[in-house]
Amino acid sequence: MSRRKRRVLWVLAALGSFVLLVVGLFALNGLVLADRQTPRMRHFADVHVAPTRSAPGEVTFISYNIAKGFAHKGGVRFESREFVENKLKRMAEVLRAEQADVVFLSEALTELSACDIDQVAYLARECGLPFVATGENYNLGLPFYRVVGGNAVLSRTPLTPVANFDLAGRQPFWVSKNNRRALFVSAEFGGKPVLMGALHNDSFDMRNNTVQMQQLLDFIGDRPAILAGDFNNRPKDRSIALVRDSGKFAGEFDGAPSFFEGKRAERLDYILVPAGWELIESRVIPDDTSDHRPVVGRFKVKL
């Protein structure tokens, strides 16, 4: 065999080994190093707990789709850390002013190696909400260079992990588009444990969105629960009707638009609480930092 052929074979072998290494690391990250269905719990003990606007016996929630802090420019292109931090700074200002007890986040990144910022931790610290739960919807990349995102719950008081289960229609781990899970934790309200689900349901197939909602209702059963997040369903759509007609939830099933895109203005984000709780205040904050507006709900707890 000529020297040239040996060199070509050596290069091909080296290239093949490199490809196998990258594929192996990608699989290792997605199958072994990812949290997947396990909620990740954190407590930032050095964070001073923010004051609350809620009166005794009341609780204030916010639901906010932060659209990944607009870090993703498409494909494998990402914004700079400075750009993302400026977005998060404005989001934190809006949230902090509301003095909420619990904030539900969707489309929130905990890792983005390209601009090295944990969006959930940033908002938790800036808002004085030290108890944090996150649930992965996707974890793509290599162990040392990846993007991880999903739903999150930020709280003034301790949280207990429950589940981060696959929703209907979920694809293999290497598919990020529309791959959804539901993050559930529990917290005490009125001295009793209540489930809290942070949601970001199917935005492409409304039939699957309905299947996901029934899956959520089946999981909850007869337990008192709070559902908050981006339902990707309008007030008259089937999924919202399922929740409303179950008789297990209270809150505003309609209301002002919470999502804006071009000429679109639709209500897609909700905060729904156990039936019997009294709705004191529900509104959409008119801030356009994200394509979703933060939704605020204040309730009188009755268990």
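Position numbers for residues start from 1 in each chain and track the written sequence from start to end. In view of the model being predicted, local features appear only for residues whose pLDDT reaches at least 70, and side-chain atom pairs are presented and counted only at 80 or more, with totals across whole chains, interfaces and linings using the full set of residues. Remark: hydrogens and water are excluded; side-chain values derive from all non-hydrogen atoms of the structure.

(A) Expanded view of the overall build of the chain. Secondary structure follows DSSP: runs of H or I at least 4 residues long count as helices, runs of E at least 2 residues long count as strands, and numbering of each begins at the N terminus. Counting its regular elements, the chain contains 5 helices and 17 strands. A compact globule built from 303 residues should have a C-alpha radius of gyration of about 19 Å, and the chain, at 21 Å, falls within 12% of that. For the chain, the C-alpha atoms occupy an extent of roughly 85 × 40 × 40 Å along the three principal directions. Burial classification: accessible surface area is computed with a 1.4 Å probe over protein chains only, and a residue below 20% of its type maximum counts as buried, one above 50% as exposed, and the rest as partly exposed. Scored against the burial criterion, the 303 residues of the chain give a buried share of 51%. For this analysis, residues touch if any pair of their heavy atoms sits within 4.5 Å. A fraction of 73% describes how many contacts in the chain between residues 6 or more apart in sequence connect residues 24 or more apart. Throughout, the Shrake-Rupley method with a 1.4 Å probe supplies accessible areas, and for residues the shown protein chains are the sole cover considered. Entry remark: accessible area of the chain is about 14200 Å², with carbon and sulfur atoms responsible for 55%. His is not counted, nor are the chain ends; Lys and Arg add positive charge and Asp and Glu add negative charge. A single reference atom marks each charge: NZ on Lys, CZ on Arg, CG on Asp, CD on Glu. Separation between the mean location of the 40 positive side-chain charges and that of the 34 negative ones in the chain comes to 8 Å. Two things to know: the radius of gyration comes from C-alpha atoms, and the globule rule equals 2.2 Å times the number of residues to the power 0.38.

(B) Up close: helix α5 (residues 238-246). Within the span of α5, buried status applies to Ser 239, Ile 240, Ala 241, Leu 242 and Val 243. Elements that come into contact with the buried residues of α5 comprise α4 (206-220), β12 (249-251) and β15 (269-274). A positive phi of about 75° marks Gly 247, the residue just after α5.

(C) Structural context of the pairing of strand β10 (residues 192-200). Counting buried residues in β10 gives 7 out of 9 residues, a clear majority hidden from the surface. Sheet topology note: the strand β9 (residues 181-189)/β10 ladder contains 7 bridges and is antiparallel. Each bridged residue has a counterpart across the sheet, and for Ser 186 the counterpart in β10 is Leu 195. By this definition, two strands are paired if DSSP reports at least two bridges between them. Where β10 meets strand β11 (residues 225-230), 6 bridges bridge the pair, whose relative direction is parallel.

(D) Focus on the sheet that holds strand β5 (residues 102-112). Read from one edge to the other, the open sheet built from 7 strands follows the order β1-β6-β7-β5-β2-β17-β16, with strand pairing classed as mixed. Either end of the sheet is taken by a strand with one partner, and the two such strands are β1 (40-43) and β16 (278-284). Along the sheet, successive strands turn relative to each other by an average axial angle of 25°, direction set aside. Relative to strand β17 (residues 295-300), β16 runs antiparallel, the two sharing 6 bridges. Across the sheet, Glu 281 pairs through a bridge with Arg 298, a residue of β17. Axis angles are defined between N-to-C directions and span 0 to 180 degrees, where every axis is a line fitted to C-alpha atoms and, for a helix, only to the segment in contact. Against the sheet, helix α2 (residues 81-98) contacts β2 (58-65), β5, β16 and β17, and its axis sits at roughly 165° relative to β2. Packing of helix α3 (residues 119-127) onto the sheet brings it into contact with β1, β5, β6 (131-142) and β7 (145-155), and relative to β5 it is tilted by some 135°.

(E) The arrangement of the packing of aromatic side chains in detail. Two rings from Phe, Tyr or Trp (for Trp, the six-membered ring) form a pair when their centres are within 6.5 Å of each other. A pair whose planes differ by under 30 degrees is stacked, one over 60 is edge-to-face, and the rest are tilted. Within the structure shown, the criterion is met by 10 aromatic pairs. Relative to Phe 219, the ring of Phe 165 has its centre 4.7 Å away and its plane inclined at 45°; by these criteria the two rings are tilted. Residue Phe 165 is located in strand β8 (residues 160-166), and its partner Phe 219 is located in helix α4; the two are separated by 54 residues in the primary sequence. With a relative accessible area of 27%, Phe 219 lands in the partly exposed category. Following the ring pairs from residue to residue traces out a cluster consisting of Phe 61, Phe 104, Phe 189, Trp 277 and Phe 299. Directly above the ring of Phe 70 sits Lys 87, whose terminal nitrogen or CZ lies 4.6 Å from the centroid. When the NZ atom of lysine or the CZ atom of arginine is within 6 Å of a ring's centre and also within 35 degrees of its normal, the charge is said to sit over that ring.

Function cannot be inferred from these measures alone, as they are strictly geometric.
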